[in-house]
Amino acid sequence: MFDERALIALLLSLIAGMATLLGAAIIFITKSKSERILSASLGFAAGVMLSVSFLDLWAQSQASLVQYLGNRLGVIVSIAFLLLGILFALGIDNFVPHEKTDSSENDKPHQNLYRVGFVSMLAIMFHNFPEGIATFSAGYEDLAMGISIAVAISMHNIPEGITVAMPIYYATGKKKEALKYTFLSGMAEPIGALLAFLVLRPFINSFNLGAIFAIVAGIMIYIAIEELIPSSRQYGHQRLALYATFSGIIVMPLSHIF
């Protein structure tokens, strides 16, 4: 069923997805829990999500939809799908339970850190799924292009691993939990590739990909603004969180260069 080209394309998407675990390695570098590190990590994660959303996902969405629908209608439809993604994220946020902790507990200054990590994992999964489709499709048609795309995606999946691993680790104190959630977010990439090969190939076109990219961008923008940025500023290191957010925004375009 799988020919050699398909197996290589699937392997490329698996490698790209597992690069998120390299970002999770930060939990082994950190000697002890520090609110400064947590503030910086959450701010950095917010910058990563905002950068990926606006510079990658929504830009790709507009390009695809403009190609399919024309300039004016393509832009309008991409905005509509972006708003749909934001509303979808709002729905997810309402269904994910908020922790209830005693306000007298000094060791839990942020009561919903686990939830922040959980919704970040969902956002990265939604993001990685269409990336897996793109990596597989490119690698299946042109191996050199597939390798190039897989390397680029791997580079920007590394900071995305930090996005999931740090809040989960600080919430639970368990490195295994942080690695598990990071692994799940990365596995969405090869799963997307596998579905692209088995089911989705006849339905992949510029309109569907444009819609998916815009919806995922909306989800990630919501989580960055509603969850990650406020969380990064709750530990008394607002300036550090701000600088870290800018760093996350800058790192993602640089990952494409290298």
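Below or above, wherever it landed, is the structure these notes cover. Small disclaimer: the values here were computed from a predicted structure and weren't measured. (Residues numbered from 1 in each chain as written. Predicted model: local features only at pLDDT ≥ 70, side-chain atom pairs only at ≥ 80, totals over all residues. Heavy atoms only, no water.)

**What about the packing of aromatic side chains?**
Thought 1: Inspection of the entire model under this criterion finds ten aromatic pairs.
Thought 2: Ring geometry for Phe88 and Phe126: centres 5.6 Å apart, planes at 75°, overall edge-to-face. Placement of Phe88 in helix H5 (residues 71-95) and of Phe126 in helix H6 (residues 113-141) is noted, with a sequence separation of 38 residues between them.
Thought 3: When the centroid spacing of 5.6 Å and the interplanar angle of 20° are considered together, the rings of Phe136 and Tyr140 count as stacked. Separated by four residues within a single helix, Phe136 and Tyr140 lie in helix H6, roughly one turn from each other. In terms of burial, Phe136 and Tyr140 fall into one category: buried.
Thought 4: Cation over ring: Arg5 sits above Tyr140, and NZ or CZ is 4.2 Å from the ring centre. (Phe/Tyr/Trp six-rings, centres within 6.5 Å; stacked < 30°, edge-to-face > 60°. Helix = DSSP H or I, 4+ residues; strand = E, 2+ residues; numbered from the N terminus. Buried < 20%, exposed > 50% of the residue type's maximum accessible area, 1.4 Å probe, protein only. Lys NZ or Arg CZ within 6 Å of the ring centre and 35° of its normal.)

**Considering the pattern of salt bridges**
Thought 1: Tallied over the full model, the rule gives two salt bridges.
Thought 2: The residue Arg115 makes a salt bridge to Glu227 at a minimum N-O spacing of 3.0 Å. Of the two residues, Arg115 sits in helix H6 while Glu227 sits in helix H9 (residues 206-232), which places them 112 residues apart along the sequence.
Thought 3: A residue is classified by how much of its surface remains accessible, and Arg115, at 7% relative accessible area, is buried.
Thought 4: Glu227 gets classed as buried once you look at its relative accessible area, which sits at 4%.
Thought 5: Note that Glu177 is salt-bridged to Lys180, the shortest N-O span being 3.4 Å. (Salt bridge = Lys/Arg side-chain N within 4 Å of Asp/Glu carboxyl O.)

**Quick notes on the nonpolar core**
Side chains of nonpolar character tend, in soluble globular proteins, to be buried together.
Thought 1: With 50 residues, the main nonpolar core has Leu42, Met49, Leu57, Met220, Ile223 and Leu228 as its most contacted residues.
Thought 2: When contributions to this core are tallied by element, the ones reaching two or more residues are helix H4 (35-69), H5, H6, helix H7 (143-172), helix H8 (175-200), H9 and helix H10 (238-257).
Thought 3: Discounting residues that sit within four places of it in the chain, Leu42 has contacts with Leu113, Val116, Pro167, Leu228, Ser231, Ser232 and Tyr235.
Thought 4: Ala6, Ala9, Ile133 and Ala196 belong to the second-largest nonpolar core, a separate cluster that totals nine residues. (Core = buried A, V, L, I, M, F, W, Y, C linked by side-chain atoms within 4.5 Å. Contact = heavy atoms within 4.5 Å.)

**Quick word on the packing of H4 against H9**
Helix packing for two helices is described by the angle between their axes and how far apart those axes are.
Thought 1: Where H4 contacts H9, the two axes come as close as 7 Å, and the packing angle between them is 160°. Here H4 is positioned roughly antiparallel relative to H9, judged by the angle of their axes. Handedness of the crossing formed by H4 with H9: left-handed.
Thought 2: Of the residues contributing to the contact of H4 with H9, the split by class is 25 nonpolar, eleven polar and no charged. (Axes fitted to C-alpha atoms, helices over the stretch in contact; angles between N-to-C directions. Parallel < 35°, antiparallel > 145°, perpendicular 65-115°, else oblique. Left-handed = near helix turned anticlockwise from the far one by under 90°. Nonpolar A, V, L, I, M, F, W, Y, C, P; charged D, E, K, R; others polar.)

**Regarding a nonpolar patch on the surface**
Thought 1: Together, Ile8, Leu143, Ile147, Val151 and Met155 make up an exposed nonpolar region whose accessible area comes to about 370 Å².
Thought 2: No other element matches the four residues that H7 contributes to the nonpolar patch.
Thought 3: Within the element layout of this structure, Ile8 appears in helix H1 (residues 4-18).
Thought 4: Residue Ile8 is classed as partly exposed on the basis of its relative accessible area, which comes to 30%. (Patch = residues over 30% accessible without salt bridge, like charges linked within 9 Å, V, L, I, M, F, W, Y side chains within 5 Å. Areas by Shrake-Rupley, 256 points an atom, 1.4 Å probe, with all protein chains shown as cover.)

**Observations regarding the environment of Leu14**
Thought 1: Mapped onto the elements of the fold, Leu14 is located in helix H1.
Thought 2: On a C-alpha basis, the gap between Leu14 and Ala193 in space is 8.5 Å, while along the polypeptide they are 179 residues apart.
Thought 3: Discounting chain neighbours no more than four positions away, the residues touching Leu14 are Met187 and Pro190.

**With respect to H5**
Thought 1: Compared with an ideal rise of 1.5 Å per residue, which puts 25 residues at 36 Å, H5 spans 37 Å between its outermost C-alpha atoms and is within 8% of the ideal.
Thought 2: What H5 keeps buried is the set Gly74, Val77, Ser78, Phe81, Leu82, Gly85, Ala89, Ile92 and Asp93. (Expected span 1.5 Å × (residues − 1).)

In short, shape yes, function no, at least from these values alone.
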